[in-house]
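# Coordinates in review
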Amino acid sequence: QVQLVESGGGLVQAGGSLSLSCAASGRTSSNYAMAWFRQAPGKEREFVATIRWSSGNRYYADSVKGRFTISRNNAKNTVYLQMNSLKPEDTAVYYCAQSTRVWASLPTTRGQYDYWGQGTQVTVSS
């Protein structure tokens with residue numbers, strides 16, 4: 001089993017930056033990919049970014065491409081999300097997730113991930 005703990009959320013002004021971290025603990029040997037999802041009030045949880053653990057290959061949702069950067073520290077089993085040029089529409093609870101299964105391409109749906117963190121609130125004011 002794997003436990004994921006996010007940190008780094010908070011309140012930031014539009015145009016500003018935040019950096020999120022997610023530390024994985026427990027049985028982390030089967031780590032195919034880690035990802036960030038987010039859920040705004042009244043909306044379904046949506047994909048933000050993912051990174052394949054072994055190769056470092058990345059994939060982003062169109063809404064954050066060019067503004068957000070996902071990265072990882074393999075030794076620490078930690079994934080990061082650097083968020084720049086934040087917009088009010090980025091306001092959401094951000095969730096870290098890990099997939100333990102092998103996929104032909106980077107997983108981008110909720111059902112492809114096995115473990116989830118508790119979420120951290122990101123609020124962007126205008």
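The structure reproduced in this document is the subject of the present report. (Residues numbered from 1 in each chain as written. Predicted model: local features only at pLDDT ≥ 70, side-chain atom pairs only at ≥ 80, totals over all residues. Heavy atoms only, no water.)

## Regarding the nonpolar core
Applied cut-off: Think of a nonpolar core as a cluster: buried Ala, Val, Leu, Ile, Met, Phe, Trp, Tyr and Cys residues, connected wherever their side-chain atoms sit within 4.5 Å. Exposure is judged per residue with a 1.4 Å probe applied to protein chains only, and the accessible area is read against the type maximum: over 50% gives exposed, under 20% gives buried, and values in between give partly exposed. Counting from the N terminus, the helices are the DSSP runs of H or I reaching at least four residues and the strands are the DSSP runs of E reaching at least two. Any two residues whose heavy atoms approach within 4.5 Å at even a single point are treated as in contact.
With 35 residues, the main nonpolar core has Trp36, Val79, Leu81, Met83 and Tyr94 as its most contacted residues. Tallying contributions element by element places strand 4 (residues 33–39) first for this core, with five residues. Residue contacts for Val79: discarding those within four places in its chain leaves Leu20, Ser21, Cys22, Met34, Trp36, Ile51, Trp53, Ile70, Ser71, Arg72 and Cys96.

## Things to note about the side chain of Asn31
Formally: Each polar contact in these results corresponds to two N or O atoms within 3.5 Å; when the atoms are within protein, one needs to be able to donate a hydrogen and the other to accept it, and residues that are neighboring in sequence are counted only if both atoms are side-chain atoms.
Take Asn31: it is sitting in the loop between strand 3 (18–26) and strand 4. Residue Asn31 is classed as buried on the basis of its relative accessible area, which comes to 11%. Here Ala33 takes part through its backbone nitrogen, which lies 3.4 Å from a polar atom of the side chain of Asn31. If we skip the residues at most four places from it in the chain, Asn31 touches Trp53, Asn77, Gln98 and Ser99.

## As for the pattern of salt bridges
Rules: By definition here, a salt bridge exists when the distance from a side-chain nitrogen of Lys or Arg to a carboxyl oxygen of Asp or Glu is within 4 Å.
This structure, assessed with the given rule, holds six salt bridges. The salt bridge partner of Arg38 is Asp90, with a shortest N-O separation of 2.9 Å. With Arg38 in strand 4 and Asp90 in the loop between strand 8 (78–83) and strand 9 (92–99), this residue pair connects regions lying 52 residues apart in the sequence. Neither Arg38 nor Asp90 differs from the other in exposure class; each is buried. Among the salt bridges present, the one from Asp90 reaches Arg67, with a minimum N-O distance of 2.7 Å. Of the two residues, Asp90 sits in the loop between strand 8 and strand 9 while Arg67 sits in the loop between strand 6 (58–60) and strand 7 (68–73), which places them 23 residues apart along the sequence. A relative accessible area of 1% means that Asp90 is categorised as buried.

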